[in-house]
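Residue-level listing of the chains:
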Amino acid sequence: MRRALITGITGQDGSYLAELLLRNGYKVCGLVRRSSSTNYDRLGSLRDQVELIPGDLLDSSSLISAIQISEPDEVYNLAAQSFVPTSWNQPVLTGEFTALGVTRMLEAIRTVNPKIRFYQASSSEMFGMVNESPQNENTRFYPRSPYGVAKLYGHWMTVNYRESYGVYAVSGILFNHESPRRGLEFVSRKVTHAVARIRLGLQQKLKMGNLDAKRDWGYAADYVEAMWLMMQQPAPEDFVIATGECHSVRELVEIAFGHIGLDYRDFVEIDPALYRPAEVDHLRGDCAKAHAKLGWRARVPFEDLVRMMVDCDLVQLQAGSGSSTPNVASPFFVTDGRPLAPLNRVS
Ligand code: NAP
Ligand code: F7E
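Let me sum up the structure you'll find in this document. (Residues numbered from 1 in each chain as written. Chains lettered and ligands numbered in written order. Predicted model: local features only at pLDDT ≥ 70, side-chain atom pairs only at ≥ 80, totals over all residues. Heavy atoms only, no water.)

Taken together, the neighbourhood of ligand 2 is formed by 23 residues, with Ser82, Ser123, Tyr147, Arg276 and Glu279 sitting nearest. At 2.9 Å from a nitrogen atom of ligand 2 is found a main-chain nitrogen or oxygen belonging to Gly209. Surface burial for ligand 2 is 95%, taken as the share of its 700 Å² of free accessible area covered by protein chains. Residues of the shell around ligand 2, tallied by class, amount to 10 nonpolar, 6 polar and 7 charged. (Near = heavy atom within 4 Å. Polar contact = N/O pair within 3.5 Å; in protein donor to acceptor, adjacent residues only side chain to side chain. Areas by Shrake-Rupley, 256 points an atom, 1.4 Å probe, with all protein chains shown as cover. Nonpolar A, V, L, I, M, F, W, Y, C, P; charged D, E, K, R; others polar.)

Structure, rendered in structure tokens:
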């Protein structure tokens, strides 16, 4: 039985990756940091199928011990301070988690067993102010936030450990990916959750920042498959993972409100406080390399993703689940890899 250790298992991607690895027959361990109350909502029933090991990216000895306990063949480093605006408020802490945390984990691997394969969750935020579009593995990096800078450090450390020590270390440069398990502060989920609340009469208005920013948004359950595929190759390489499509935040709100028959202009208010000190205006990824070498491509179109997230939020709010990030079953691909019909709509 192959064994994997996931850092960030309680996050959006961690829960989808744990599901995928369990389906693929892995023994799955997850690193969890201590908090005053447990935070396992996204894991749902997976909680009983994975082994959770206490540890923190800030604490090297806990990483060494997590590797000794889990004895993994593969480590997926998904843990990070991942919200871009917070990185301006807490730039040093973001650097500790998102940048130096990578080195701590790589050093732990080198110390315990350098044959362990390592995946680093890199980000399209590293491209930042782009000089070409779409962006691929050779595009210049120009991060625009402390988060982007921290991710770039982690990316280069991953490359460096591969080149310096021959560690099988890969960096997945993933563009934005969303799901019903996305944190409420990220724009996609903020919008779909608010739209559902407005539909149910629980909220009247939605405050938004820059509607003109453009992103390449895909479905998280698709993207964790790319992570796993990168770790199964004969030699370690870095890959861009994206849909190749670009949409504005304005389109996002238009589709989400339109899905329940409303015009976003009647509900959205612009709040200048939500603008960022430096914006990433436009991102669109070119995943031709991943398609050619991994056979990977995104399967869920943007419009379907947004509508599915609105539907899931409506269902969750009506059920009164009490959790903002429940372990909603993957609405796509639960059968044979083809998108299913949308979930039940609220009449
Ligand atoms: P997420 O939902 O914010 O999850 C982050 C995870 O990291 C949580 O499990 C969190 O634990 C954990 N964590 C944070 N600080 C930690 C620390 N000091 N020690 C141990 N664990 C810690 O993020 P995501 O959307 O799943 O993204 C996964 C990774 O991919 C992140 O590294 C993110 O930066 C990167 N990424 C994401 C996207 C995207 O669009 N989603 C795109 C590119 C790259 P708690 O539950 O305890 O907070
Ligand atoms: O913002 C604009 C905002 O916070 C997207 C993380 O997973 O993807 C994510 O980073 C865009 C930005 O994601 C609001 O200005 C407008 O241009 O959903 P977001 P992000 O910053 O792109 C990358 C790839 C990661 O690696 C990160 O970890 O939406 N926007 N109005 C808003 N954004 C938010 N959050 N809230 C607003 O009200």
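The next thing to look at is helix α6 (residues 187-199). Taking 1.5 Å of rise per residue, 13 residues should cover 18 Å, and α6 covers 18 Å from first to last C-alpha, within 8% of that figure. Along α6, the positions that sit buried rather than exposed are Ser188, Arg189, Val191, Thr192, His193, Ala194, Val195, Ala196 and Ile198. Those residues of α6 that are buried lie in contact with β7 (177-178), β8 (206-208), α8 (249-259) and α10 (302-319). Two residues or fewer after α6 comes Gly201, characterised by a positive phi angle close to 75°. (Helix = DSSP H or I, 4+ residues; strand = E, 2+ residues; numbered from the N terminus. Expected span 1.5 Å × (residues − 1). Buried < 20%, exposed > 50% of the residue type's maximum accessible area, 1.4 Å probe, protein only. Contact = heavy atoms within 4.5 Å.)

On to the packing of aromatic side chains. For the structure shown, the criterion picks out 10 aromatic pairs. Taken together, a centroid distance of 5.2 Å and an interplanar angle of 85° make the contact between Phe83 and Phe186 edge-to-face. In this pair, Phe83 sits in the loop between β4 (74-77) and α3 (84-89) while Phe186 sits in the loop between β7 and α6, placing the two residues 103 residues apart along the sequence. Taken individually, Phe83 and Phe186 each receive the classification buried, so the pair is uniform in this respect. Where Phe141 meets Trp156, the ring centres are 6.3 Å apart and the plane angle is 85°; that geometry is what we call edge-to-face. Of this pair, Phe141 sits in the loop between β5 (117-123) and α5 (146-165) while Trp156 sits in helix α5, and the two are 15 residues apart along the sequence. Given the relative accessible area of 48%, Trp156 is considered partly exposed. Among the aromatic residues, those joined into a ring-pair cluster are Phe127, Phe141, Trp156 and Phe175. Cation over ring: Arg182 sits above Phe186, and NZ or CZ is 3.8 Å from the ring centre. Between Lys289 and the ring centre of Phe239, over which it is positioned, the NZ or CZ distance is 4.6 Å. (Phe/Tyr/Trp six-rings, centres within 6.5 Å; stacked < 30°, edge-to-face > 60°. Lys NZ or Arg CZ within 6 Å of the ring centre and 35° of its normal.)

Judged by how many residues are buried, strand β1 (residues 3-7) sits mostly within the fold: 4 of 5 residues are covered. Bridge count between β1 and strand β2 (residues 27-32): 5 bridges; the pairing is parallel. By the bridge assignment for β2, Ala4 is matched with Val28. One crossover worth recording links β1 to the parallel β2 by way of helix α1 (residues 12-23), and it is right-handed. (Pairing = 2+ DSSP bridges. Right-handed = clockwise from strand over helix to strand, strands pointing away.)

Close contacts around ligand 1 come from 24 residues, with Thr10, Asp13, Asn39, Ser82 and Tyr147 the closest. With respect to ligand 1, the side chain of Arg33 contributes an N or O atom lying 2.8 Å from an oxygen atom. Here Arg182 contributes a side-chain N or O atom positioned 3.2 Å from an oxygen atom of ligand 1. Surface burial for ligand 1 is 90%, taken as the share of its 900 Å² of free accessible area covered by protein chains. With 3 residues, β5 is the largest single contributor of residues to the shell around ligand 1. Looking at the shell around ligand 1 residue by residue, the classes come out as 9 nonpolar, 10 polar and 5 charged.

Turning next to unusual backbone geometry. Most of the time, phi is negative for any residue but glycine, and the peptide bond is trans. In this structure, the amide linkage connecting Ser133 to the following residue, Pro134, adopts the cis form with an omega of 0°. Along the chain, Pro134 falls in the loop between β5 and α5.

Another aspect to go through is the pattern of salt bridges. With the rule as written, the count across this model stands at 17 salt bridges. Among the salt bridges present, the one from Glu107 reaches Arg110, with a minimum N-O distance of 2.9 Å. On the criterion of helical spacing, the pair formed by Glu107 and Arg110 is a turn pair, its members being 3 residues apart in helix α4 (residues 91-112). Judged by relative accessible area, which is 32%, Arg110 ranks as partly exposed. Asp212 is paired through a salt bridge with Arg250; the nearest N and O atoms lie 2.9 Å apart. Within this pair, whereas Asp212 is found in the loop between β8 and β9 (214-215), its partner Arg250 is found in helix α8, the two being separated by 38 residues in sequence. Judged by relative accessible area, Arg250 falls into the partly exposed class, the value being 30%. A cluster of three or more residues bridged by salt bridges with shared partners is formed by Glu125, Arg215 and Glu279. (Salt bridge = Lys/Arg side-chain N within 4 Å of Asp/Glu carboxyl O.)

Right, let's get into helix α7 (residues 220-230). Of all 11 residues that make up α7, 9 are buried, and the element is covered over most of its length. For α7, the full list of buried residues reads Ala220, Ala221, Asp222, Tyr223, Val224, Ala226, Met227, Leu229 and Met230.

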